[in-house]
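An overview of the molecular structure
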Amino acid sequence: MIIGIDLGTTNSVAAHLSADGPRLIPNALGETLTPSVVAIDEDGKLLVGRAAKEYQVLHPDRAASIFKRYMGSDWSTKLGEQKFSPEQLSSLVLRQLKEDAESHLQQPIEDAVITVPAYFNEPQRKATLNAGRMAGLKVQRILNEPTAAALAYGLHELDGEKVLVVVDLGGGTFDVSVVDLFQGSLEVRASAGESFLGGEDFTRALAARVLEQAGMMFERTELEAPQLVSRLIQQCETAKCQLSREESVDIRVPDRLGEYHDNARVVTVSQAQFATWVQHVLGRVELPIRRALGDANLKRNDLDEVVMVGGATRMPMFKDRITQLFEKEPRCRLNPDEVVALGAAVQAGLIANHAGVEDMVVTDVSPFTLGIEISKRLGMDYQNGYFMPIINRNTTIPVSRIESVSTLQANQTEIKIKVYQGESRRVESNLLLGEFKVTNIPKGPAGQSIDIRFTYDLNGVLEVEATVVETKRKVSHVITRHARRLSDAEIQQAVDEMQTLKTHPREESSIRFLMRRAERMYQELPLFQRQMLSDLLDGFESALNEGEKDVIARHQATLEEFLDRFDQSHENDDQDGYDDG
């Protein structure tokens, strides 16, 4: 048997596909939701799930939660005497779910489908695979959460034909996917999202404002009185849920040890006040929605249904905002906390050739653009730091694509391939996934050709292969490098280097603003309009390098005209409600 697992930021859920459809697997407490919390008590014993969450309230220094957000990074935390990485913490949750499944199903469980946010990058997906292996599971598939939700809904509508938008706001991440359902086929057309936006952000924003009302600053209090903040966050999480049903709630502010007294400060929060306090968080859902619709080349009137997934979607303000953006009442027929796990169970059944889903066909997409760093000729000189896409975001996967690059100098015998993920035309704003060298290039004139092949699998793991065309020599590299943080010394070195830079025409205020505006808009544009803007920016940067004022002014005017036209079209779209097609 293959089980499906929703490894969540706040809670995790397991399910399996039975003859009667997908079914949730209860844990040892008879509950379907297992809190994604791990703790080590004073006796050195491991706590996972509900027990760990309760223990965390009074012992925040011996417990860890929300670690899913740090998957694929070098973040770590110390519980007791032992240091844990996000992968290790996640593996402990997965192991608990595995043991609960074995107890409930009365058979060994070795295989699983694990879901991740659609916007998880390659290191985060690789880390999830590793966590599964640490838990003793063979991970058959890493599945995007909105795709899993669409599977759960699509299972009941195999004969239907419609276009769905799946809006997924979980504890720590936000995703939106456009999905086609057609005669048993489920095709993801576009995905977008944010890896650091979820229900936890609303909870922490509420806690910060409550502390502000009590005359305290959140960051300083969290550092100086962690037990106070831990207990307050627990109370704000409860208050957030209550405000989905009640007009107002009272929140008591504990003392520095996390205890309550009769004279404790009480802050009353209404639904309207809560909505006002978290507007800056809620507003962040709009750009991913715009991007997904733009990439799918759809207008909101083309959509048949809006499906909401994730426990945080229960907030009335979120439902109101989604209704306003799409002018369509979102659908919540299945429990938003459970639907992803149910869909993962359906995917598990597809892999296991389960009779109940034998007629379903599922395709997914790459949520990010993947490519390499290249140099561009601007005027008389070459400038490095430019991003050349090889697999564009929302390309159906699995996929394999080839692009050619060439040497820039005569008798150049090696090149360095730097692999990036992101949506900016400059690599400095994208995520470096890894790098490797191609050596033994035959000596000769500049322009020796090297083919770069990207192969992206269903789990979102990338393999890069470079082939020297003349000799057919191949260098293969599976991306494993994680993004790293800069040390204090590296930061100081960068500051010192910036002091020596000379002022360039592009640093004039109007030009600097125009470049930032264009770079921001490049990331928002639908793919078919990106190349137009990229060409305009190349011409503008080339003119800046040449330094001819008349030429700069001409290119600047052309670029501004394009940006103004795009902005005007979006203003009209906003009046009509996200008609981005």
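Because the structure is a prediction, the values reported are computed rather than measured.

**Description of the side chain of aspartate 111**
Considering the arrangement of structural elements, one finds aspartate 111 in strand 10 (residues 111–116). A polar contact of 2.7 Å, which involves the side chain of aspartate 111, links it to the side chain of glutamine 140. Once you skip the residues sitting within four places of it in the chain, aspartate 111 turns out to touch Met1, Ile2, Ile3, Leu137, Lys138 and Gln140.

**Some remarks on the sheet that holds strand 6 (residues 46–48)**
Strand order in the open sheet formed by three strands is 6-5-7, and the pairing between neighbours is antiparallel. Edge positions in the open sheet fall to strand 6 and strand 7 (63–65), since each of these has one partner strand only. In this sheet, adjacent strand axes meet at a mean angle of 15° when their direction is disregarded. Bridging between strand 5 (residues 37–40) and strand 7 involves three bridges; their strand directions are antiparallel. Bridge assignment links valine 38 to a residue of strand 7, and that residue is alanine 64. Taken strand by strand, helix 1 (residues 50–58) contacts strand 5, strand 6 and strand 7, and its axis lies near 65° from that of strand 5. Of the strands in this sheet, strand 5, strand 6 and strand 7 are in contact with helix 2 (residues 86–105), which crosses strand 6 at around 70°.

**Concerning empty space enclosed by the protein**
Here the structure, examined in full by the defined rule, presents two cavities of 30 Å³ or more. Here the largest cavity defines a volume of roughly 40 Å³. Within the lining of the largest cavity, the residues separate by chemical class into four nonpolar, three polar and one charged. Taken as a whole, the second largest cavity holds about 40 Å³ of empty space. In terms of lining residues, the second largest cavity is bounded by Ala14, Ile25, Pro26, Asn27, Glu31, Thr32, Thr34, Leu97 and Asp100. Of the residues in the lining of the second largest cavity, the class split is four nonpolar, three polar and two charged.

**A look at helix 4 (residues 145–154)**
Along helix 4, 10 of the 10 residues are buried, which leaves the element largely enclosed by surrounding structure. Along helix 4, the residues that are buried comprise Glu145, Pro146, Thr147, Ala148, Ala149, Ala150, Leu151, Ala152, Tyr153 and Gly154.

**Overview of the packing of aromatic side chains**
In the structure shown here, the tally under the stated rule is three aromatic pairs. Above the face of the phenylalanine 120 ring, lysine 68 is positioned so that its terminal group lies 5.9 Å from the ring centre. Between the NZ or CZ atom of arginine 426 and the centre of the ring of tyrosine 386, over which it lies, the distance is 4.5 Å.

**What to know about the side chain of arginine 141**
With respect to the helices and strands, the residue arginine 141 is situated in strand 11 (residues 138–144). No salt bridge is formed by the buried arginine 141; its nearest oppositely charged neighbour, aspartate 457, is found at 7.8 Å. In contact with arginine 141, not counting residues within four places along its chain, are Ala112, Val113, Ile114, Gln347, Ile351, Leu458 and Asn459.

**Here we look at the pairing of strand 13 (residues 174–182)**
The buried fraction of strand 13 amounts to eight of the nine residues, a majority that puts the element mostly inside the structure. Here strand 12 (residues 161–169) hands over to strand 13 after four residues, the two strands then running antiparallel side by side. Hairpin remark: strand 13 followed by strand 14 (residues 185–194), antiparallel, with two residues in the connecting loop; positive phi at glutamine 183, about 50°.

**Thoughts on the pairing of strand 26 (residues 462–468)**
The element strand 26 is largely enclosed, with a buried count of five among its seven residues. Taking the residues that link successive antiparallel strands as the turn, the strand 25 (residues 449–456)-strand 26 hairpin has five residues, and the phi of glycine 460 there is positive, at about 80°.

**Examining the pattern of salt bridges**
All told, the structure shown has 24 salt bridges when counted by the stated rule. Between lysine 240 and glutamate 237 there is a salt bridge, and its shortest N-O distance comes to 3.4 Å. One end of the pair is lysine 240 and the other is glutamate 237, both in helix 7 (residues 226–242) and three residues apart, which spans about a single turn. With its nearest N and O atoms 3.4 Å apart, the salt bridge here joins arginine 425 to glutamate 541. Of the two residues, arginine 425 is situated in the loop between strand 23 (415–421) and strand 24 (431–438) and glutamate 541 in helix 15 (residues 527–546); the sequence distance between them amounts to 116 residues. Comparing arginine 425 with glutamate 541 shows no difference in burial state: the two are buried.

Calculation notes
Residues numbered from 1 in each chain as written. Predicted model: local features only at pLDDT ≥ 70, side-chain atom pairs only at ≥ 80, totals over all residues. Heavy atoms only, no water. Helix = DSSP H or I, 4+ residues; strand = E, 2+ residues; numbered from the N terminus. Polar contact = N/O pair within 3.5 Å; in protein donor to acceptor, adjacent residues only side chain to side chain. Contact = heavy atoms within 4.5 Å. Pairing = 2+ DSSP bridges. Axes fitted to C-alpha atoms, helices over the stretch in contact; angles between N-to-C directions. 1 Å grid on protein atoms, 1.4 Å probe; cavity = no way out; pocket = protein on both sides within 12 Å on 5 of 7 lines; lining within 4 Å. Points joined across faces, edges and corners; volume = space filled by probe spheres on them. Nonpolar A, V, L, I, M, F, W, Y, C, P; charged D, E, K, R; others polar. Buried < 20%, exposed > 50% of the residue type's maximum accessible area, 1.4 Å probe, protein only. Phe/Tyr/Trp six-rings, centres within 6.5 Å; stacked < 30°, edge-to-face > 60°. Lys NZ or Arg CZ within 6 Å of the ring centre and 35° of its normal. Lys, Arg positive; Asp, Glu negative; His and termini not counted. Salt bridge = Lys/Arg side-chain N within 4 Å of Asp/Glu carboxyl O.

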